[in-house]
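Report on the structure
For reference, the chains in residue letters:
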Amino acid sequence: MADLSTVPVQKTVPGRLAGWRLPQESMPADAAYRAVRDELRPDVPPQLNLATFITTGMEPEAERLMAEFLYSNTVDGVQPLRTTDLAQRCVAALAELWHAPDPDSAVGTSTGGSSEACMLAGLAMLMRWRSRTRGSGGRPNLVMGAAVHVCWGKFCAYWDVEARQIPVAEGGFGIDPHTAAELCDANTIGVVTVLGTTFDGSYEPVQQVCAALDQRSARDGVDVPVHVDAASGGLVAPFLDPALVWDFRLSRVDSINTSGHKYGLVAPGLGWLVWRDPSVLPVELGFSIDYTGGRLSTQTLTFTQPAAPIIAQYYQFLRLGAEGYRAIMQRCRDLARALAVHLNQFHDLRVISSGDDLPVVAFTTGDHTSFTVTELADRLRQRGWLVPAYTLPPNQTNVTVARLVCRNDLSDILARRLADDITNAVTALRAYHGASRPRQRCNVLPRGSEAAPMLEEGGD
């Protein structure tokens, strides 16, 4: 292959990789609009993108609010709607959902997404560790499972923290509580748990991790806090799994983050971070400013942050309430479970997660299947669906899975179409590879209401 660094890019790769410069002349607004629109026109309609957790649609009223406050900044102390007040109301609502001891005194902040929220949570743990050790410790470390988001690797790299990552065990994807506790020492700033991994949507055993850390602390005094990365599950579990103990009911959990732009049902980008109470927030993490028209306290990594997503989150909380969120999340889970039942009918496929935690279905091909899950994803792409295929974390990197993320914009009709397209894709791949024909079509579930979405099933 030629060394591209020695070849003029414009001659070898015209178009996408070619150099672009600021035009010397202006153009009419409608022409510029069309040019940008044509550049960004999606190959896949948002509703058919099963790869993303990101919200792809809101009600017109929410979109109108975002448009009206497009130019509002969260640190502008004189803006009409005082979005800082709205943000604190959202923080209090999340603190109550997550069983903070006193939601009114819980400290939290909006962020540009969960990655920034995780960075802040990591910094808080790092600062508390520094305060505890008073500079006498060695290199700080952070314990986590292999299924954490890439942002935690970034945090460790950016702030020179040793990442103690636990490979996934055979047949599982979550962090092992006992191993996590044993990896901790006096230089451990915290343990990260994930409520809804991106690999298969499963909840890690937060309560068991805290119990293992309690036992470790009682044994030798190693006392380590826990952060819960609930980017997706933070606004699913409270409504669908209220008996699951994963949040501030566990005294060892100091902080929780979630993404407003995922199952918070807000357009990107918006994240939230809440600490259980002011005592676990280092004072060094907060800054007070008064040069934007009013005195404000901020804990964010950035300064300027659009207010529109925060306003949209407040709208969604106000509009839907707990019952509205519960109904939407239940419908998404029902869709995921129905799709998992459909996939389970094919002997060629093996379902890894069935939507019992996050409304996500992950699956792979069987040991003796003649085609790969990547081939199946490619066939679905020909029908307009974007289905990601990727390898699992360390210790299971030989396994490739596909994932279906069920969001609020996946209608029953689209889900039935997806089920049919999966059936047709499997049939075509069997024929291509000379495999046996599928069994006769059947209905897995009777047709029902939106609260119990049904798929017209066919399979093996």
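See the structure printed just above.
For clarity, every value in this text was computed on a predicted model and none was experimentally measured. (Residues numbered from 1 in each chain as written. Predicted model: local features only at pLDDT ≥ 70, side-chain atom pairs only at ≥ 80, totals over all residues. Heavy atoms only, no water.)

1. Here we look at the overall build of the chain
The helix and strand tally for the chain stands at twelve helices and 13 strands. Among the 460 residues that make up the chain, the fraction classed as buried is 51%. Of all intrachain contacts in the chain linking residues separated by at least 6 positions in sequence, the fraction that spans at least 24 positions is 70%. Accessible surface, the chain: about 21700 Å² in total, of which carbon and sulfur atoms supply 54%. (Helix = DSSP H or I, 4+ residues; strand = E, 2+ residues; numbered from the N terminus. Buried < 20%, exposed > 50% of the residue type's maximum accessible area, 1.4 Å probe, protein only. Contact = heavy atoms within 4.5 Å. Areas by Shrake-Rupley, 256 points an atom, 1.4 Å probe, with all protein chains shown as cover.)

2. A look at the nonpolar core
Counting residues in each nonpolar core, the largest one holds 61 residues, and the members touching the most others are Val 191, Val 228, Trp 246, Val 253 and Met 329. Looking at this core, the element that brings in the most residues is helix H10 (residues 308–344), giving ten residues. The contact partners of Trp 246, leaving out residues within four places of it in the chain, are Trp 98, Leu 195, Val 206, Val 228, Ala 230, Gly 234, Ala 237, Pro 238, Val 253 and Ile 256. Counting 31 residues, the second largest nonpolar core, distinct from the first, contains Val 361, Phe 363, Val 387 and Leu 429. (Core = buried A, V, L, I, M, F, W, Y, C linked by side-chain atoms within 4.5 Å.)

3. Quick notes on the pattern of salt bridges
Per the counting criterion, the structure on display carries 22 salt bridges. With a closest N to O distance of 2.9 Å, Arg 333 and Asp 241 form a salt bridge. Of this pair, Arg 333 sits in helix H10 while Asp 241 sits in the loop between helix H9 (237–240) and strand E6 (253–259), and the two are 92 residues apart along the sequence. Arg 333 gets classed as buried once you look at its relative accessible area, which sits at 4%. (Salt bridge = Lys/Arg side-chain N within 4 Å of Asp/Glu carboxyl O.)

4. Some remarks on the pairing of strand E1 (residues 107–111)
With five of five residues buried, E1 lies mostly within the body of the structure. Side chains of E1 alternate between two faces, with Val 107, Thr 109 and Thr 111 and Gly 108 and Ser 110 buried alike. As defined by bridge partners, E1 adjoins strand E7 (residues 271–275) across five bridges and the pair is classed as antiparallel. Considered in E7, the bridge of Val 107 is made with Trp 275. (Pairing = 2+ DSSP bridges.)

5. A word on the sheet that holds E6
Here seven strands make up an open sheet; going across it, the order is E1-E7-E6-E5-E4-E2-E3 and the pairing mixed. For this open sheet the edge positions go to E1 and strand E3 (162–166), each flanked by a neighbour on one side alone. Adjacent strand axes in the sheet meet at a mean angle of 20° when their direction is disregarded. Sheet contacts for helix H6 (residues 150–158): strand E2 (141–145), E3, strand E4 (188–194) and strand E5 (226–229); angle to E2, the most-contacted strand, approximately 165°. Sheet contacts for helix H8 (residues 206–220): E4, E5 and E6; angle to E4, the most-contacted strand, approximately 155°. (Axes fitted to C-alpha atoms, helices over the stretch in contact; angles between N-to-C directions.)

6. Things to note about the sheet that holds strand E13 (residues 400–405)
Ordered by their spatial adjacency, four strands build an open sheet running E10-E11-E13-E12, and the pairing between neighbours is antiparallel. Two strands lie at the open edges of the sheet, namely strand E10 (349–354) and strand E12 (389–391), each paired on one side alone. Going from strand to strand, the sheet's axes swing by 35° on average, the running direction of each strand aside. Judged from the five bridges that link them, E10 and strand E11 (residues 360–365) form a sheet pairing that is antiparallel. From the neighbouring strand, Arg 350 faces E11, where its bridge partner is Thr 364. Strands E10, E11 and E13 of the sheet are contacted by H10, whose axis makes an angle of about 160° with E10.

7. Points about unusual backbone geometry
In this structure, Gly 269 follows Pro 268 across a cis peptide bond, with omega equal to 0°. Note that Gly 269 resides in the loop between E6 and E7. For Asp 160, which is not a glycine, the phi torsion comes out positive at approximately 55°. Tracing the backbone through its elements, the reader meets Asp 160 in the loop between H6 and E3.

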